[in-house]
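Remarks on the overall topology
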Amino acid sequence: MKLTRIFLMAATILALVSGCSAKKKEITTLQRKEAANLVSEAQFALTLRDYARAEGLLAKAAELCPDTGEYWMNLGSARMRLGQRDAAKKAYQSGLAAYEQEAAQNKADPQPALQQVTALALLGRVDDARALLEKIPSQFPDNRTIRAAVDNKMLDRMLADPKFKEVAF
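Let me begin by describing the structure that accompanies this report. (Residues numbered from 1 in each chain as written. Predicted model: local features only at pLDDT ≥ 70, side-chain atom pairs only at ≥ 80, totals over all residues. Heavy atoms only, no water.)

One non-glycine residue, R49, adopts positive backbone phi at about 60°. Along the chain, the position of R49 falls in the loop between α2 (29-47) and α3 (51-64). Classification of R49 as exposed rests on a relative accessible area of 63%. In this structure, K153 takes a positive phi of about 55° despite not being glycine. For K153, the position within the fold is in the loop between α8 (144-151) and α9 (154-160). (Helix = DSSP H or I, 4+ residues; strand = E, 2+ residues; numbered from the N terminus. Buried < 20%, exposed > 50% of the residue type's maximum accessible area, 1.4 Å probe, protein only.)

Below you can see the structure in the form of C-alpha cells.
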C-alpha cells in the first residue's frame with residue numbers, strides 16, 4: 001500500500017514537472033537587464049583574459065535570456081578558450097537555434113541570418129554557412145549590408161582570421 005502511494009506521488013510530481021518545463025517561460029525586463037549587466041562584467045573579464053570568470057557570467061546570462069544568440073556565442077567562445085570543446089559546441093548550437101528563431105520571427109531583419117552564417121562557421125559547418133550566405137541576398141535583394149558581406153567575401157575573411165580559428169571547430 002505504501003509503495004503504491006509513493007509510486008503515485010512520484011508519477012504525479014513527474015507529470016507536474018514535465019508539464020511545467022514544456023511551457024515557454026516569458027523573459028522579464030528585469031531578467032534582460034540582469035543578463036546585460038552580467039555580459040558587461042564578462043566582457044571586462046575577457047579583456048583581462050579571465051576566461052573562467054567570463055564563462056560563468058556568460059552562462060548565467062544565457063540561462064536568463066536563452067533567446068539571445070549573442071550570449072550563447074560568447075559563451076561558446078569562452079569555453080573554447082578554456083578547452084571545454086563539448087560545452088562550447090552546445091553553446092554554439094544554442095546560439096544558432098536562437099538566431100534561427102529570431103530570423104523566423106523577424107523576416108525583415110537580415111542580421112539574424114548573417115549571425116547564423118557565423119554560428120555555422122564556428123561549428124565547422126562551412127558548407128552550410130556558404131549555402132546560407134548564397135541564399136540570403138535573394139531574401140534581401142536591396143540590403144547593402146548583405147551585398148557588402150557577399151561582395152567582400154565575409155565568410156572567407158572570417159575563416160582566415162587567426163582569432164576566429166582559436167574559437168572555431
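Text resumes after the structure shown.
Counting across every chain of the model gives 7 salt bridges. One salt bridge in this structure joins R79 and E55, with 2.8 Å as the shortest N-O distance. Of this pair, R79 sits in helix α4 (residues 69-81) while E55 sits in helix α3, placing them 24 residues apart in sequence. Taking relative accessible area as the criterion, E55 reaches 15% and is therefore assigned buried. (Salt bridge = Lys/Arg side-chain N within 4 Å of Asp/Glu carboxyl O.)

As a further point, take the packing of helix α6 (residues 111-122) against helix α7 (residues 126-139). Running from amino to carboxyl end, α6 crosses α7 at an angle of 165°, the nearest separation of the two axes being 7 Å. Relative to α7, the element α6 lies roughly antiparallel. Helix-helix and strand crossings are classified by hand; for α6 and α7 the assignment is left-handed. Each of A113, L114, Q116, V117, L120 and A121 in α6 lies in contact with α7, whose residues at this interface are V126, D128, A129, L132, L133 and I136. Its residues assigned to classes, the contact of α6 with α7 shows 10 nonpolar, 1 polar and 1 charged. (Axes fitted to C-alpha atoms, helices over the stretch in contact; angles between N-to-C directions. Parallel < 35°, antiparallel > 145°, perpendicular 65-115°, else oblique. Left-handed = near helix turned anticlockwise from the far one by under 90°. Contact = heavy atoms within 4.5 Å. Nonpolar A, V, L, I, M, F, W, Y, C, P; charged D, E, K, R; others polar.)

With that settled, the discussion passes to the packing of aromatic side chains. According to the stated counting rule, one finds 1 aromatic pair in the structure shown. The positively charged end of K89 is found above the aromatic ring belonging to F169, 6.0 Å away from the centroid. (Phe/Tyr/Trp six-rings, centres within 6.5 Å; stacked < 30°, edge-to-face > 60°. Lys NZ or Arg CZ within 6 Å of the ring centre and 35° of its normal.)

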